[in-house]
Amino acid sequence: MSDIPTQIKYTKSHEWVETLEDGNVRIGITDHAQDLLGDMVFVELPEVGDEISAGEECAVVESVKAASDVYSPLSGEVTAVNETVAEAPETVNQSPYENGWLFELKPSVNTEFDDLLDADTYNKLAEEDSH
Amino acid sequence: MLIFQHSVDQRRNPSQSPSESAGEIADISDLPLSCLRDAPPKLPAVSEMQTVRHYTQLSQKNFSIDTQFYPLGSCTMKYNPRACNKYAMLPGLLRKHPLTPAKHNQGTLTCFYELQEMLKDITGMKEVSLSPMAGAQGEFAGVAMIRAYHDARNDDVRSEILVPDAAHGTNPATAVMCGYKAREIPTDKNGDVDLDALRAAVGPQTAGIMLTNPSTLGVFERKIAEIAQIIHEAGGLLYYDGANLNAILGKVRPGDMGFDVIHMNLHKTFSTPHGGGGPGAGPVGVSERLVPYLPVPFVAYDGKSYSVVTEKERPDTIGRLSAHMGNTGVLLRAYIYARLLGADGMIRVADYATLNANYMMTRLKEKGFDMAYPERRATHEFILTLKKQAKELGVTAMDIAKRLLDYGFHAPTTYFPLLVPECFLIEPTETESQYELDAFIEAMAEILQECHRDAEMVKASPHTLPVRRLDDVRAARQLDLVWKQST
């Protein structure tokens, strides 16, 4: 659990947020989340152009154990979705922080970044979770 | 193997073919040509004995309550008494056409009316309709009535149904089917609804809350009175998911807890067969304020005779959910079950369902298993968490579930509720003897030893069944449910 990327931010509901060079953000679920859920069999993504607000359910990841909502960490407009995971849901298991990203947003409320967790805080949370 | 694979072209079975001499072949000369087949139907050409063997062998590959202990949590897999079957199949009941006018159908209507009355008494609701055909349809009817209630008051800002995170998946699905947004409420560490989170979530947008009590965590929701107050003060209604009603039968009534609407799974609490996904029965009961919206038809009694209530008498009803009055055969079995139990018997159902669960929980604790809510007394079911075994031995809840099959037990519910890691939801039901419970406990203890001794063997189980470990992932990713005849 100590090898989670430190340059990105996290949520309590196990999403990660990476700020891209153009100021947009990329969002996915954490390694801990994919590990809890197990083998993915289906991923439902938002559509490009959707306006979503922070905390809103905007995607679904379904494994053999459960279907789980993904909550948007930030508000904004969806600028891109990862078609790879829709076609090959196992990508989320194999590469949760890289090839398994879910969607990208153009954030509309800058202050929302303050609510995100840093790697250490998330790490602690995830460890408590698995005890 | 499918029955079609036993088929041999041109095989004849004259003894079972319709015979012309006996007048069994109907005159079809008046049917239009366009309605006649130009090729024979694709039926399997098999002998009577092959057919019997085929289906008998299939049935032997299956786990069932008639053959094995089946502690599938939250599903209440209890014994279906043969007496219920026998009396529901009396010719006078069996041969009644559903369109028989009420005055010639007083027998069946008497049974239905009395079942309605018994369900009212046991739940503390004002009225009951038997028409929903399954638990999920009962849920739909219930939330549709909540919607009708708000609509009739022109209260059109109510857009959310609150659902605890421990809820059955059908609850949020029902809310969405009825046009609401489902909003999740967290559970505190003792398994009760988090009241602060609930207070923060309610508002003018709250249409209602859906609760199972006892919850799917196998504990009684102790704050129910406060929850009812919070929801009612916000103008919302309380929905009772009757999935776990067997735990409180005759002890405490949802109507007295403040619930406005309830569905009951007769195939659980009232012991009718679960079938292969049906037929079911999900009657609904309502408090005073939802009475006008109750689904029709249901049965009324004026002191002399029984009649069928329809849209004519109840113009505000949410309508019909089945062609007639639900699944008659299932309702009759539940009625007979209730009559056989009587009021005292119903209390004993709750007593023994709870005693059996607590007995198993205590003994499994002694055998070294961890409970998810060790501080709490179990209701009719309880949860153990296998996260320690998963972490230390690499053996998951699924592995142990599969190994139980080798010991001749159906596995408990696994990985539900989702908020408990590596969970086993165990519901023994009141119909099992101590002998059966002990056998299961010993099997669990033995499997725990096996996990230490030979984890790989447990992970590769089952070893003794017609099929080995199934590839659920592949089955889900490449769904293929239809057998196609090769040509």
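Everything numeric here is computed off the predicted structure, so don't read it as measured data. (Residues numbered from 1 in each chain as written. Chains lettered and ligands numbered in written order. Predicted model: local features only at pLDDT ≥ 70, side-chain atom pairs only at ≥ 80, totals over all residues.)

Draft legend 1. Focus on helix α5 (residues 135-152) of chain B. The end-to-end C-alpha separation of α5 of chain B is 26 Å, in line with the 26 Å expected for 18 residues at 1.5 Å each. Among the residues trailing α5 of chain B, Asn154 of chain B stands out with phi positive, at a value near 55°. (Helix = DSSP H or I, 4+ residues; strand = E, 2+ residues; numbered from the N terminus. Expected span 1.5 Å × (residues − 1).)

Draft legend 2. Examining the nonpolar core more closely. Formed by 121 residues in total, the largest nonpolar core has its most connected members in Leu115, Met145, Tyr239, Val261, Ala334 and Ile383 of chain B. Broken down by element, the residue count for this core peaks at 16 residues, all from helix α11 (residues 328-366) of chain B. The contact partners of Tyr239 of chain B, leaving out residues within four places of it in the chain, are Gly142, Val143, Ile146, Gly208, Ile209, Met210, Leu211 and Val261 of chain B. Trp16, Ile29, Leu102 and Leu105 of chain A belong to the second-largest nonpolar core, a separate cluster that totals 30 residues. (Core = buried A, V, L, I, M, F, W, Y, C linked by C-beta atoms within 7 Å. Buried ≥ 20, exposed ≤ 12 C-beta atoms within 10 Å, placed from the backbone. Contact = placed C-beta atoms within 7 Å.)

Draft legend 3. Expanded view of the environment of Tyr306 of chain B. As for its placement among the helices and strands, Tyr306 of chain B is situated in strand β9 (residues 306-309). Here Tyr306 of chain B is in contact with Ala102, Gln106, Leu109, Thr110, Tyr113, Val299 and Tyr301 of chain B, once residues within four sequence places are set aside.

Draft legend 4. Broad picture of the sheet that holds strand β4 (residues 40-44) of chain A. Residues and elements named next belong to chain A. One open sheet accounts for three strands, arranged β4-β6-β7; its pairing is antiparallel. The open sheet is flanked by β4 and β7 (67-71), the only strands paired with a single partner. Recorded for the sheet is a direction-independent mean angle of 25° between the axes of neighbouring strands. Two strands pair when backbone bridges link them, and β4 and strand β6 (residues 57-63) are joined in this way by four bridges, in the antiparallel orientation. Bridge assignment links Met40 to a residue of β6, and that residue is Ser63. (Pairing = 2+ DSSP bridges. Axes fitted to C-alpha atoms, helices over the stretch in contact; angles between N-to-C directions.)

Draft legend 5. Highlighting the interface of chain A and chain B. Counting residues at the interface gives six residues for chain A, matched by seven residues for chain B. The residue makeup of the side of chain A that touches chain B, split by class, is three nonpolar, one polar and two charged. (Nonpolar A, V, L, I, M, F, W, Y, C, P; charged D, E, K, R; others polar.)

Draft legend 6. Expanded view of the packing of α5 of chain B against helix α6 (residues 170-177) of chain B. Residues and elements named next belong to chain B. It is at 9 Å that the axes of α5 and α6 come closest, and there the two elements cross at 50°. By the angle class used here, α5 and α6 are oblique. Considering how the two elements wind past one another, α5 and α6 form a crossing that is right-handed. Every residue of α6 that contacts α5 at Ala136, Glu139, Phe140 and Val143 is listed here: Thr170, Thr174, Ala175 and Met177. When its residues are assigned to classes, the contact of α5 with α6 shows five nonpolar, two polar and one charged. (Parallel < 35°, antiparallel > 145°, perpendicular 65-115°, else oblique. Left-handed = near helix turned anticlockwise from the far one by under 90°.)

Draft legend 7. Just the domain arrangement of chain B, in detail. Residues and elements named next belong to chain B. Looking at chain B, the domain boundaries give domain 1 (3-60), domain 2 (83-340) and domain 3 (349-475). Placing the centre of domain 2 and that of domain 3 at their C-alpha centroids yields a distance of 31 Å. Domain 2 puts 18 residues into the contact, and the matching count from domain 3 is 16 residues. Considered class by class, the residues forming the side of domain 2 that touches domain 3 number eight nonpolar, eight polar and two charged. (Domains from an automatic or database assignment.)

Draft legend 8. A look at the pairing of strand β3 (residues 25-29) of chain A. All names here are of chain A. Of all five residues in β3, five are buried, a share of seventy percent or more. Judged by which residues are buried, β3 turns out to be covered on both faces: Val25, Ile27 and Ile29 on one side and Arg26 and Gly28 on the other are all buried. Two elements, strand β2 (residues 15-19) and β3, share five bridges in a ladder whose sense is antiparallel. What sits directly across from Thr19, in β3, is Val25. Where β2 hands over to β3, the hairpin turn is made up of five residues, of which Gly23 adopts a positive phi near 90°. Of the strand pairs in this sheet, β3 and strand β9 (residues 103-107) are connected by three bridges, and their pairing is antiparallel.

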